[in-house]
Amino acid sequence: MDNDNSYFLNKVLARVGYTAKWWSFLVEGRNSGTTGDDRNPNAESDGPVELNQAYLTLGNHKEFPVSLKVGRQELTYGDERLVGAFAWNNIGRVFDAAKVRWQNSWFSIDAFTSRIVLPDDNNFNMGNDYNLFSGAYLTTKKIPKHTIELYFFSRNDGPGSTTANPGSFPPFQVPAPFARDIYTLGLRLKSNPGDFGNWDYTVESAGQLGNWKPTATSARQDHQAYMAAFNAGYTFPDTFGTPRVALEYAFGSGDSNAGDNKHETFDNLYPTNHKFYGYMDLLSLQNIHAVRPMFTIKPHPRLSVALEGNLCWLADTHDRVYNVAGLPRGGTGPTPGTGFGTNPNYDSYLGSEIDLIAGFIVTKFAMIEAGYGHFFRGEYLKQTWSAIGSQDADWFYFQTLLRF
């Protein structure tokens, strides 16, 4: 069995825009291609030319507190743990959306409604007619030394969501395409730079209520889930390279009983998971305990280096492992040593990953980045594949970014 896959990705973004006093517009085209990728269908090819963004903005916050942004656009909130542009992916994520923003000296608040855009290789990408994603996101700095963010998200997917676009590759763009009505209420608290000396921290927690329909023929289940994340760091400003050390813990709830009428697995929504649970993109914020130690340093003004670790456990072994796109691995039944499934008697330790990333700014128009990761199997994975055998995984990438 060949477990090696080396390939080349290319993404070209070309945009044109105009800004006047009371209005502006942006149109952005994209070409996303791949060469030598063994995956089929290919998750990261969407060409030859696609409309990535096209929006109109009305308003001027220097003159009036309210603005409107309408059209195909990215949605990015907080640190993208729940809603992000997923720019690391060769396609990324955009929405057909309408967003109203109210901004004053006390707070800013976005209220939006949208449909996610599904990639359809060699065809014009359309929004998912069976999906509606709406929300409100408030930000204020009136709490001393902190930035406070309060948010509410509503995710409503109809039964037709899974087949809304047969030409798309669902795992990357429709993270959990099951029928659902899930409502997320959350709080994010972040220390302002320098207000706590060399220390910094971020705390975020969210709860979810609603319902979901796991299969086309099953009854809807009540949804009750939650997440929490905490990150604390210390910067050494007088040390060579201004190093920072930090530790992060993240938790996403899992389902304790797939056979009852309650669903407890946290819905990760539309995140940029690449930032949080390992650069190898194996896991998401669902049924997981994740501990991430970090070390970053800038030995040269143009050079940044990061060393990160990730140690991951299942939050509940009665639930499954969820990949970076939020899809469960394997079926709902036991799989004694032959693959992913539901095996509550297995150990909860998934494994650990170590990543080394370096980026160098060549000029103001170009930068390069390289990274290496190694995943060490935990007892859960060893037991999952005990009848077949499993291996640790290695991953390497090199990328260039050019701006004109």
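Everything here concerns the structure above.
Residues numbered from 1 in each chain as written. Predicted model: local features only at pLDDT ≥ 70, side-chain atom pairs only at ≥ 80, totals over all residues. Heavy atoms only, no water.

Is there a simple way to explain the overall build of the protein chain in this structure?
A tally of helices and strands in the protein chain yields 2 helices and 19 strands. Compactness check: the protein chain gives a C-alpha radius of gyration of 22 Å against a globular reference of 22 Å for 404 residues, within 12% of the reference. Principal-axis analysis of the C-alpha atoms gives the protein chain an extent of 65 × 55 × 45 Å. Counting only residues that meet the buried cut, the protein chain has 45% of its 404 residues in that class. Summarising the internal contacts of the protein chain: among those between residues at least 6 apart in sequence, 61% fall at separations of at least 24. For the protein chain, the exposed surface amounts to about 19,900 Å²; the carbon and sulfur share of it is 61%. One finds the centroid of the 34 positive side-chain charges in the protein chain at a distance of 8 Å from the centroid of its 41 negative side-chain charges. (Helix = DSSP H or I, 4+ residues; strand = E, 2+ residues; numbered from the N terminus. Rg over C-alpha atoms; globule rule 2.2 N^0.38 Å. Buried < 20%, exposed > 50% of the residue type's maximum accessible area, 1.4 Å probe, protein only. Contact = heavy atoms within 4.5 Å. Areas by Shrake-Rupley, 256 points an atom, 1.4 Å probe, with all protein chains shown as cover. Lys, Arg positive; Asp, Glu negative; His and termini not counted. Charge placed at Lys NZ, Arg CZ, Asp CG, Glu CD.)

What is the right way to look at the pairing of strand S16 (residues 303-314) in this model?
Regular strands place their side chains on alternate faces of the sheet. Two elements, strand S15 (residues 288-300) and S16, share 9 bridges in a ladder whose sense is antiparallel. Bridging from a neighbouring strand, threonine 296 pairs with alanine 306 of S16. Hairpin connection, S15 to S16: the antiparallel pair is bridged by 2 residues. Judged from the 11 bridges that link them, S16 and strand S17 (residues 349-363) form a sheet pairing that is antiparallel. Bridging across to S17, glutamate 308 finds its partner in aspartate 355. (Pairing = 2+ DSSP bridges.)

For this particular structure, what's the right way to read unusual backbone geometry?
Excluding glycine, residues mostly have negative phi values, and the peptide bonds linking residues are mostly trans. Even without being glycine, threonine 242 reaches a positive phi, approximately 45 degrees. Mapped onto the elements, threonine 242 comes out in the loop between strand S12 (221-235) and strand S13 (244-252). Backbone geometry at leucine 269 places phi at a positive 60 degrees, although glycine is not the residue there. Structurally, leucine 269 is set in the loop between strand S14 (262-263) and S15.

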